[in-house]
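Listed below, chain by chain, are the residues.
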Amino acid sequence: MPSGAWRRLSRRGRVNALQFVCNNSTVVEYRGTVLVVEDDGDQRAVVRDMLARNGFVVVEVPAGRQVADRIAEVGPDVVLLDLGLPDVSGLDVLSQLAAAGRVPVIVLTGRSGEADRVVGFDLGADDYVVKPVSARELAARVGAVIRRRQRVLPAPVMTYGDLTIDASAREVKVGARAVDLTPREFELLSFLARSPRQVFSREQLLEHVWGTATGWQDPATVAEHVYRVRRKLDPADRGHWIQTIYGVGYRFSPDRG
Ligand code: CA
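Keep in mind the model is a prediction, meaning the values are calculated, not measured.

Chemist: Can you walk me through the sheet that holds strand S11 (residues 171-174) in this structure?
Modeler: The strands that make up a sheet pair up through hydrogen bonds in the backbone, lying either parallel or antiparallel. Reading across from one edge, S9-S10-S11-S12 is the order of the four strands in this open sheet, with antiparallel pairing throughout. Among the strands making up the open sheet, the edge pair consists of strand S9 (157-160) and strand S12 (177-179). On average, each strand axis in the sheet is inclined to that of its neighbour by 20°, with strand direction left out of account. Examined bridge by bridge, S11 and S12 share three bridges and lie antiparallel to one another. Bridge pairing links Val 172 to Val 179 in S12.

Listed below in structure tokens is the structure:
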């Protein structure tokens, strides 16, 4: 059933340089990355194929417990979430993702009852798709949620002294030097830098940066990432943009205090 493959056209790996290639002919332009959470392998394959043919890169997740980690690794534009998961409650996954607010969620379900629909929206779903769904409708719904989110969340370029954070290109520079951050390190730095001087606890950072509710990750993870970001931004250790507020958490200092 797989009908082609994604080809990366640009050496720089910009997402808009991806094209889906079918039988050696290019069929569609890249429209976004979708994390599909569905335990049923057959259903997953159907959804993957429908989305891939319509310009979406699909990352498949077979279990609810893997969702938070995969989001942090992949940085999807939208999560397509099947509510009927064997390991955890789909509604719990939904409410945790919605609380973190980093990625929009479309609920995918075999249940068509009005009550489920209302519960899904109450818990923060951006849209709701009842199986079976046509490829055209699914692609239209996914595309609409991504466009809506992009309008709501412009990705600004932040500049503090010689530090530049370009959220849309996901590039960080200190002076002319490009700083190579992992996706999570980048999210941590850009999240803190969006609210200079505001102090965040480790638990808050886990929720907002890792996209997970407290308890899914060890808070020590935050300290490790802060340490690594500091080292990468300033190998000479001349002062930090990310400050530790002892007993409280971390904050971004615009003047590198
Ligand atoms: Ca299922």
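And the narrative resumes.
Chemist: Explanation requested: the pairing of strand S7 (residues 105-109) in the structure shown.
Modeler: Across a regular strand the side chains alternate sides, sitting on one face of the sheet and then on the other. Of all five residues making up S7, four are buried, and the element is well covered by its neighbours. Two strands pair when backbone bridges link them, and strand S6 (residues 78-82) and S7 are joined in this way by four bridges, in the parallel orientation. Bridge pairing in S7 places Leu 81 opposite Val 107. As paired elements, S7 and strand S8 (residues 127-130) share four bridges and run parallel to each other. The residue of S8 that forms the bridge with Leu 108 is Val 129.

Chemist: Would you take a moment to explain the nonpolar core for this structure?
Modeler: Side chains of a nonpolar character, in soluble globular proteins, are inclined to be buried together. Core analysis: the largest hydrophobic core is formed by 54 residues, its most contacted members being Leu 80, Leu 81 and Val 142. Here this core spans two domains, since at least three of its residues come from each of domain 1 (4-150) and domain 2 (157-252). The residues contacting Leu 80, other than those within four sequence positions of it, are Val 34, Leu 35, Val 36, Val 37, Val 47, Ile 106 and Leu 108.

Chemist: Help me out: how do you make sense of helix H1 (residues 41-53) in this one?
Modeler: Since there are 3.6 residues in each turn of an α-helix, residues three or four apart along the chain are aligned in direction. In this model, H1 (13 residues) spans 18 Å end to end at C-alpha, consistent with the 18 Å of a helix rising 1.5 Å per residue. The set of residues buried in H1 consists of Val 47, Arg 48, Leu 51 and Ala 52. Taken end-on, H1 shows its buried residues confined to a sector of 125°, consistent with a single buried face. Of the residues flanking the end of H1, it is Gly 55, one or two places downstream, whose phi is positive at about 100°.

Chemist: It is not clear to me how the environment of Asp 77 should be interpreted in this structure. Could you clarify?
Modeler: Along the chain, Asp 77 falls in the loop between helix H2 (67-74) and S6. Among the residues examined, Asp 77 registers 22 C-beta atoms within 10 Å and is labelled buried. Each C-alpha atom of the pair Asp 77 and Arg 149 lies 8.5 Å from the other, and the pair is 72 residues apart in sequence. If we ignore the near neighbours within four places in the chain, the residues touching Asp 77 are Gly 32, Thr 33, Val 34 and Ile 146.

Chemist: So what exactly am I meant to see when it comes to the packing of helix H6 (residues 183-194) against helix H8 (residues 220-233) here?
Modeler: Each pair of packed helices gets described by two things: the angle between the helix axes and the distance between those axes. H8 packs onto H6 with a crossing angle of 85° between their chain directions and a minimal axis gap of 10 Å. Classified by the interaxial angle, the pair formed by H6 and H8 is roughly perpendicular. Judged by residue contacts, Arg 184, Glu 185, Leu 188 and Leu 189 of H6 engage His 225, Arg 228 and Val 229 from H8. Along the lines of polarity and charge, the residues of the contact of H6 with H8 split into three nonpolar, one polar and three charged.

Chemist: So what exactly am I meant to see when it comes to the packing of H6 against helix H7 (residues 202-209) here?
Modeler: Put simply, H6 and H7 touch, their axes get as near as 10 Å, and they point 115° apart. As H6 packs across H7, the resulting crossing turns out to be right-handed. Every residue of H7 that contacts H6 at Arg 184, Glu 187, Leu 188 and Phe 191 is listed here: Leu 205, His 208 and Val 209. Of the residues assigned to the contact of H6 with H7, the class counts are four nonpolar, one polar and two charged.

Chemist: Would you take a moment to explain the sheet that holds S8 for this structure?
Modeler: Spatial ordering of the open sheet is given by S5-S4-S6-S7-S8, a layout of five strands whose pairing is parallel. What marks the edges here is a single partner per strand, and that holds for strand S5 (56-61) and S8. Here the average twist between neighbouring strands, direction ignored, is 20°. Along the sheet, H2 makes contact with strand S4 (32-37) and S5, crossing S4 at roughly 165°. The strands that helix H3 (residues 90-100) touches are S6 and S7; relative to S6, the one it contacts most, it runs at about 160°.

Chemist: In this structure, what is going on with H2? I would like to understand it.
Modeler: Looking only at H2, the buried set comprises Val 67, Ala 68 and Ile 71. Taken end-on, H2 shows its buried residues confined to a sector of 100°, consistent with a single buried face. Residues of H2 that are buried in the fold lie against S4, S5 and H3.

Rules used in this analysis
- Residues numbered from 1 in each chain as written.
- Predicted model: local features only at pLDDT ≥ 70, side-chain atom pairs only at ≥ 80, totals over all residues.
- Pairing = 2+ DSSP bridges.
- Helix = DSSP H or I, 4+ residues; strand = E, 2+ residues; numbered from the N terminus.
- Axes fitted to C-alpha atoms, helices over the stretch in contact; angles between N-to-C directions.
- Buried ≥ 20, exposed ≤ 12 C-beta atoms within 10 Å, placed from the backbone.
- Core = buried A, V, L, I, M, F, W, Y, C linked by C-beta atoms within 7 Å.
- Domains from an automatic or database assignment.
- Contact = placed C-beta atoms within 7 Å.
- Expected span 1.5 Å × (residues − 1).
- Arc of directions from axis to C-beta.
- Parallel < 35°, antiparallel > 145°, perpendicular 65-115°, else oblique.
- Nonpolar A, V, L, I, M, F, W, Y, C, P; charged D, E, K, R; others polar.
- Left-handed = near helix turned anticlockwise from the far one by under 90°.

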